[in-house]
Amino acid sequence: MKIYKSILFIIIVPFLIVLKAQPETWKREKHDGYKLFYTTQDSESKREYLLYIERGIDSVRKFFGSEFKKEFEIYVHPNRKSLDEQWRKDWNMPDFKSECWMVASGVASKLDMLSPLQWAKESCEHDYADKLKTQQIIAHELVHVFHGQLNVSPDFSDVTNLDWFVEGLATYASGQLDKVRISEISETISGNKAPNSLDNFWTGKLKYGFSGSIVMYIEQKYGRRKLIELLKFNKKDEILNSLNTTEMDLLNGWKKYFVKSN
Ligand SMILES: [Zn+2]
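Counting starts from 1 at the beginning of each chain's written sequence and moves along it residue by residue. Since the coordinates come from a predicted model, pLDDT governs what is reported: local features require at least 70, and pairs of side-chain atoms require 80 or more to be given and counted, while whole-chain, interface and lining totals use all residues. With hydrogens and water excluded, all non-hydrogen atoms of the structure serve as input to the side-chain values.

Describing the overall build of the protein
Phase 1: Numbering goes from the N terminus for both helices and strands, where a helix is a DSSP run of H or I of at least four residues and a strand is a run of E of at least two. Scanning the protein from N- to C-terminus turns up 11 helices and five strands.
Phase 2: To sort residues, take the accessible area from a 1.4 Å probe on protein chains only and compare it with the maximum for the residue type: under 20% means buried, over 50% means exposed, and anything in between is partly exposed. Across the 262 residues in the protein, those meeting the buried criterion constitute 49%.
Phase 3: The contact criterion used is simple: two residues touch if any of their non-hydrogen atoms lie within 4.5 Å. Looking at the protein alone, contacts between residues at least 24 apart form 67% of all its contacts between residues at least 6 apart.
Phase 4: Of the roughly 14,700 Å² of accessible surface on the protein, 54% is carried by carbon and sulfur atoms. Note that accessible areas follow from Shrake-Rupley with a 1.4 Å probe, and for residues the cover is restricted to the protein chains shown.

As structure tokens, then:
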């Protein structure tokens, strides 16, 4: 009897260890232009996610006036642990721990997101029930995907002083630069509290407003076609050169535009 027990132990324990070490089992689904990966937890909500994804893809296509250049993958992570593990690996930052407001990321080849079912528990600032904002978050990440596919650094790992443009473009093109954000920016400019360098735009509480509004200003001044031409650059100076302007002039024009127009 004892020997049987030992044998059972020898068989079962390694089996359990292997089972525990297994990463999440991803279900995989092929769609037009992308593959969707998700886990059992999200099986029921998947249909709803697909609506957001399809609408997001459509809005990005319309904004830029062209198709995505390549297929990409979308991962709906079952929890923040899974998302953080992915980010640590992708960004080569073994100690990385995400902030609660970070729920998704996008590069040329893929979009990673925290399951919206976990947003209430594992994130701050985001409410899946707010359909407009949820749609804009998905569109925001899809803009990153589109942008990465045209950028010389597809995963944005080799971009210099460009947070304001990468995040600003995604904020603006996804519709996240709403009236509330625009009026916050106008007030900040009027109160002489606007940042004096583009490098500081994607920081602090108003980062979406600052970055999105400077990209909006570029479009207003130079046109959508010119804005799209900027997607390939990975350095701030290349963008300024292409616009034939200086950082100071761009910022002054931006300030005037938002103080005057609001
Ligand atoms: Zn972003």
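Structure shown, so let's carry the discussion forward.
Examining the sheet that holds strand β4 (residues 104-107)
Hydrogen bonding along the main chain pairs the strands of a sheet, whether they run parallel or antiparallel.
Phase 1: With mixed pairing, the five strands of this open sheet are ordered in space as β1-β2-β3-β5-β4. At either end of the open sheet lies a strand with only one pairing partner, and these are β1 (27-31) and β4. Direction aside, neighbouring strands of the sheet carry axes that sit 15 degrees apart on average.
Phase 2: Lines fitted to C-alpha atoms define the axes, with helix axes restricted to the stretch in contact, and inter-axis angles between N-to-C directions lie between 0 and 180 degrees. Helix-sheet contacts for helix α3 (residues 80-90) involve β3 (72-77), β4 and β5 (110-114), and the interaxial angle to β5 is about 145 degrees.
Phase 3: Strand contacts of helix α5 (residues 131-150): β3, β4 and β5, with the helix running at about 20 degrees to β4, the strand carrying the most contacts. Think of it this way: DSSP has to see at least two bridges between two strands before they count as a pair.

Topic: the side chain of Glu29
Phase 1: Mapped onto the elements, Glu29 comes out in strand β1.
Phase 2: A polar side-chain atom of Glu29 sits 2.6 Å from a polar atom in the side chain of His31.
Phase 3: Among the polar contacts listed, one links the side chain of Glu29 to the side chain of Lys46, at a separation of 2.6 Å.
Phase 4: In this structure, Glu29 is in contact with Tyr34, Lys35, Leu36, Tyr38, Lys46 and Leu50, ignoring residues within four places of it in sequence. Whenever a nitrogen or oxygen atom comes within 3.5 Å of another N or O atom, the pair is scored as a polar contact, on the condition that within protein one atom can donate a hydrogen and the other can accept it, and that pairs from neighbouring residues in sequence are kept only if both atoms are in side chains.

Thoughts on the pattern of salt bridges
Phase 1: Between Lys or Arg on one side and Asp or Glu on the other, a salt bridge is scored when a side-chain nitrogen of the former is within 4 Å of a carboxyl oxygen of the latter. What the rule picks out here adds up to 13 salt bridges.
Phase 2: Residue Asp58 is joined to Arg61 by a salt bridge in which the shortest nitrogen-to-oxygen separation is 2.9 Å. With a gap of three residues between them, Asp58 and Arg61 both fall in helix α2 (residues 46-64), about one helical turn apart.
Phase 3: Linked by salt bridges that have partners in common, Asp58, Arg61, Lys62 and Glu67 make up one network.

Things to note about unusual backbone geometry
Phase 1: Phi angles above zero are rare outside glycine, and Glu125 is one such case at about 75 degrees.
Phase 2: Here Glu125 is to be found in the loop between α4 (119-122) and α5.
Phase 3: For Glu125, a relative accessible area of 63% puts it in the exposed group.
Phase 4: The phi angle at Asn192 is positive, at roughly 55 degrees, despite the residue not being glycine.
Phase 5: Considering the arrangement of structural elements, one finds Asn192 in the loop between α7 (179-190) and α8 (207-222).

Brief notes about the packing of α5 against helix α6 (residues 163-173)
Phase 1: Between α5 and α6, the least distance of the axes is 8 Å, while the angle of their chain directions is 130 degrees. As far as their axial angle goes, α6 and α5 are oblique. For the pair α5 and α6, the sense of crossing is right-handed. Here His140, Val143, His144 and His147 of α5 come into contact with α6, specifically with Phe165, Val166, Glu167, Leu169, Ala170, Thr171 and Ala173. Small angles under 35 degrees read as roughly parallel and large ones over 145 as roughly antiparallel, with 65 to 115 read as roughly perpendicular and the rest as oblique. Should the near helix be turned counterclockwise from the far one by less than a right angle, the crossing is left-handed, whereas a clockwise turn marks it as right-handed.

Observations concerning the environment of Glu73
Phase 1: Within the secondary structure, Glu73 sits in strand β3.
Phase 2: For the pair Glu73 and His31, spaced 42 residues apart in sequence, the C-alpha separation works out to 9.8 Å.
Phase 3: With sequence-adjacent residues up to four places away left out, Glu73 is seen in contact with Lys35, Phe37, Ser109, Lys110 and Leu111.
Phase 4: A polar contact of 3.0 Å, which involves the side chain of Glu73, links it to the side chain of Tyr75.

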